[in-house]
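# Coordinates in review
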Amino acid sequence: MIKVGVVGASGYVGGETLRLLVNHPDVEITTVTSRQHVGEYLHRIQPSLKGFTDLTFSELDYDKMTDNCDIVFTAVPHGTATEIVKALYDRGLKVIDLSADYRLHTATDYDKWYGWEHPHPDYLPKSVFGVPELHREAIKKAQLVSCPGCMAVTSTLALAPLIRHDLIDTEHIIVDSKIGSSGAGSGSGTAHAMRAGVIRPYKPAKHRHTGEIEQELSEIAGKKIHVSMSPHAVDVVRGILCTNHTFMKKDIEEKELWKIFREAYGQERFIRLIRDKKGLYKFPDPKFVVGSNFCDIGFDIDEENHRLIVMSASDNLMKGAAGSAIQNMNVMCGFDEMDGLKYTPLTPV
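Residues numbered from 1 in each chain as written. Predicted model: local features only at pLDDT ≥ 70, side-chain atom pairs only at ≥ 80, totals over all residues. Heavy atoms only, no water.

What counts here: UniProt positions are given in the numbering used here, feature names are shortened, and annotations may be inferred rather than shown by experiment.
The protein chain goes by Putative [LysW]-L-2-aminoadipate/[LysW]-L-glutamate phosphate reductase in an unreviewed UniProt entry, where it is assigned to Nitrosarchaeum koreense MY1. Of the comments in the UniProt record for the protein chain, the one headed Subcellular location (unreviewed entry) reads "Cytoplasm". Regarding the protein chain, the relevant UniProt record gives this comment under Function (unreviewed entry): "Involved in both the arginine and lysine biosynthetic pathways."

Structure representation (structure tokens):
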């Protein structure tokens, strides 16, 4: 049994993290903080927790957290985690950060993708990018793990085997992402009247998650990889579909691709390969991962244009955020990787 704290748990990601933690067999939640809701019961802000915990929100007190926690999740907005994570790290606590503040390895990338100078660049190499399917051994030994962006992890998992096998043109990778409204956060103020019925492009060039995708794929390739990503807001609450357009260096048969993906992910418990010949659900569909930590991956081949389309779907609040965080905690603490995450997707939603 480990003692766990959550910093900043009033938003969607913090609430989802708590939802998973209250059912984890090896966790005791000791501290949950919020600047706005000190003294309030958690369930007044996160109604789904009613009956699962009687904890109240508290102020962030580093000394109390050091005394009462073995590991801390930080679920605060981008740009506000830098000092909190450093303070917790310096006190010897294990930290799982759900913001973007320690995802990128190079300080100059924060200026490029986020438009601000990182105040603690010497701490960036201390952070491990939290994708167990790619960095499991490093996560086991890490004190600081930074969870990936939702669109970044969903597309990176689809593309990584192709990069590893040098199958595609690494100068022309196009990631077309569709994401639900919860990806904008609980404080976005997006009104239903303006959100319903839309397929809305936003940040069609230079989206910040591009930096993470390029970083991870470049490490695999051993050279700089260029990715063009364009996200779209769509009329769902939860879920991401990434349609990743790549161009093959040589013709490849379907059975060879199956072999490559099975070798990469055949033993991974949270990746499902989806490519059916019958029925409506031939390819990954975010509707059928909601509430779960799965990333579904499938592909199709456009022989005439030497194009390989790899599709990947995940729940942006699960594999794209809180689910990855719990999976990382399990790896760091030596628990079964599925502990607290043994949920089938919710159907229908």
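There is more to say after this.
## Notes on the packing of aromatic side chains
Both the distance between ring centres and the angle between the ring planes are used here to describe each pair of aromatic rings. The condition is simple: Any Phe, Tyr or Trp ring, taking Trp's six-membered ring, that has another such ring centre within 6.5 Å forms a pair; planes under 30 degrees apart are called stacked, those over 60 apart edge-to-face, and the others tilted. Going along the chain from the N terminus, every DSSP run of H or I of four or more residues is numbered as a helix, and every run of E of two or more is numbered as a strand. Throughout, exposure labels follow a simple rule: accessible area from a 1.4 Å probe, protein chains only, divided by the maximum for the residue type, with under 20% read as buried, over 50% as exposed, and the rest as partly exposed.
Per the stated rule, a full pass over the model turns up eight aromatic pairs. Plain terms: the ring middles of Y89 and Y123 are 5.6 Å apart, the flat faces sit at 80° to each other, and that makes the pair edge-to-face. Of the two residues, Y89 is situated in helix α4 (residues 81–90) and Y123 in the loop between α5 (107–113) and β5 (127–129); the sequence distance between them amounts to 34 residues. Their ring planes at 55° and their centres at 6.3 Å tell us that Y114 and W116 sit as a pair that is tilted. Its relative accessible area of 15% is what places Y114 among the buried residues.

## Quick look at the environment of V128
Note the cut-off: Residues count as neighbours in contact if any of their non-hydrogen atoms are within 4.5 Å of one another.
Topologically, V128 is positioned in strand β5. For the pair V128 and S58, spaced 70 residues apart in sequence, the C-alpha to C-alpha distance is 28 Å. Ignoring sequence-local partners within four residues, the contact set of V128 consists of H135, A138, I139, A142, L144, V145 and S146.

## So, the UniProt feature "domain: Semialdehyde dehydrogenase NAD-binding" (unreviewed entry) in the protein chain
Under the UniProt annotation, the feature "domain: Semialdehyde dehydrogenase NAD-binding" (unreviewed entry) is placed at residues 3–142. Secondary structure across residues 3–142 comprises 34% helix and 16% strand; the distance between its end C-alpha atoms is 17 Å.

## Some words on the environment of H43
In this fold, H43 is placed in helix α2 (residues 42–45). In this structure the C-alpha to C-alpha distance between H43 and T154, which are 111 residues apart in sequence, comes to 30 Å.

## Structural notes on the pattern of salt bridges
Using the following cut-off: The salt bridge criterion pairs a side-chain nitrogen of Lys or Arg with a carboxyl oxygen of Asp or Glu, the two atoms within 4 Å.
Counted by the stated rule, this structure contains 19 salt bridges. Close ionic contact of R136 with E268 constitutes a salt bridge, the shortest N to O distance being 2.7 Å. In this pair, R136 is assigned in helix α6 (residues 132–140) and E268 in the loop between α10 (254–265) and β11 (271–273), connecting sequence segments 132 residues apart. Take R136: its relative accessible area is 22%, and that puts it in the partly exposed class.

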